[in-house]
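Residue strings, one per chain:
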Amino acid sequence: QVHLVQSGAEVKKPGASVKVSCKASGYTFIAYYMHWVRQAPGQGLEWMGWINPNSGGTNFAQKFQGRVTMTRDTSISTAYMELSRLTSDDTAVYYCVRSYTTGERNYWGQGTLVTVSS
Amino acid sequence: QSVLTQPPSVSGAPGQRVTISCTGSSSNIGAGYDVNWYQQLPGTAPKLLIYGNSNRPSGVPDRFSGSKSGTSASLAITGFQAEDEADYYCHSYDNRLGGSWVFGGGTKLTVL
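Since the model is a prediction, treat every value here as computed from it, not as a measurement.

Draft legend 1. Seen up close, the interface of chain A and chain B. Counting residues at the interface gives 23 residues for chain A and 21 residues for chain B. Here chain A packs against chain B, burying approximately 1700 Å² in sum over the two surfaces, 61% of which is carbon and sulfur. Along the contact surface separating chain A from chain B lie zero salt bridges. Joining chain A to chain B, the criterion identifies 10 residue pairs in polar contact (both at pLDDT 80 or more). Sorting the residues of the side of chain A that touches chain B by element identifies strand 4 (34–39), strand 5 (45–51) and strand 9 (92–98) of chain A as the ones contributing at least two each. Its residues assigned to classes, the side of chain A that touches chain B comprises eight nonpolar, 12 polar and three charged.

Draft legend 2. Focus on the sheet that holds strand 3 (residues 18–25) of chain A. All names here are of chain A. Pairing in this open sheet of four strands is antiparallel, and the strands run 1-3-8-7 from one edge to the other. Each edge of the open sheet carries a strand with a single partner, namely strand 1 (3–6) and strand 7 (68–73). In this sheet, adjacent strand axes meet at a mean angle of 20° when their direction is disregarded. As judged from the four bridges shared by strand 1 and strand 3, these two strands associate in the antiparallel manner. Paired with His3 across the two strands is Ser25, which belongs to strand 3.

Draft legend 3. View of the state of the cysteines. Tallied over the entire structure, the rule returns two disulfides over all chains. The disulfide partner of A:Cys22 is A:Cys96, and the S-S distance across this bridge is 2.0 Å. Between A:Cys22 and A:Cys96, the S-S torsion sits near 75°, and that sign places the bridge as right-handed. Of this pair, A:Cys22 sits in strand 3 while A:Cys96 sits in strand 9; the two residues are 74 residues apart in sequence, bridging distant segments of the chain. With respect to class, A:Cys22 is no different from A:Cys96; both count as buried. A sulfur-sulfur separation of 2.1 Å characterises the disulfide bridge that pairs B:Cys22 with B:Cys90. Disulfide B:Cys22-B:Cys90: torsion about the S-S bond near 80°, hence right-handed. Taken together, the positions of B:Cys22 in strand 2 (residues 18–23) and B:Cys90 in strand 7 (residues 86–94) put the pair 68 residues apart, joining distant regions of the chain.

How each quantity is defined
- Residues numbered from 1 in each chain as written.
- Chains lettered and ligands numbered in written order.
- Predicted model: local features only at pLDDT ≥ 70, side-chain atom pairs only at ≥ 80, totals over all residues.
- Heavy atoms only, no water.
- Contact = heavy atoms within 4.5 Å.
- Buried area = accessible area lost by both parts, 1.4 Å probe.
- Salt bridge = Lys/Arg side-chain N within 4 Å of Asp/Glu carboxyl O.
- Polar contact = N/O pair within 3.5 Å; in protein donor to acceptor, adjacent residues only side chain to side chain.
- Helix = DSSP H or I, 4+ residues; strand = E, 2+ residues; numbered from the N terminus.
- Nonpolar A, V, L, I, M, F, W, Y, C, P; charged D, E, K, R; others polar.
- Pairing = 2+ DSSP bridges.
- Axes fitted to C-alpha atoms, helices over the stretch in contact; angles between N-to-C directions.
- Disulfide = S-S within 2.5 Å.
- Buried < 20%, exposed > 50% of the residue type's maximum accessible area, 1.4 Å probe, protein only.

Treat this as a map of the structure, not an account of what it does.
Okay, here's the thing in structure tokens:
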């Protein structure tokens, strides 16, 4: 079965960067885009962008362009999301989500809490 | 402002049928893209409730159902139970700006 396992919680200072990993198993890694979604405390779900694990191509929400990088290592079926120039507004739980085709379900990682605090 | 519009809150009595609406546009739901629904209990990750407009993952009770028509979708819960109190989000794909995911702002479902 499909599993997405994310890296552990992080505490960062304002201005720093954070890199979250997402290790996939149970399916062919390069066959499905990987999306990243975040949720700030008490807020809704916010889409950040996707990476095509096959080509490495990416597409980001305008809000994060210039500050987010998404990469992958196909040899270990792992996707990464790096967010730079962190502020307190970036304090959130970050999720990787395996994409889906029409009629298919998606799969979520367990989430990674990133806390930005001085 | 979320691209998909949901009512902020809905209430229902135990045993009642409750529905949550999700309104989009011609670039997402109206373009025929699948709608997914999630249930989120406090302090937990979103749980996929409905995918592909009306399909339930294994383990989701059949009192939860989804439908879609035009630019809108709905989640219905029959036989509402206290344990169903949670936040609910709709989600779809949008074909603008290179393709993106869009979410509703969430609906807090409470027991009367």
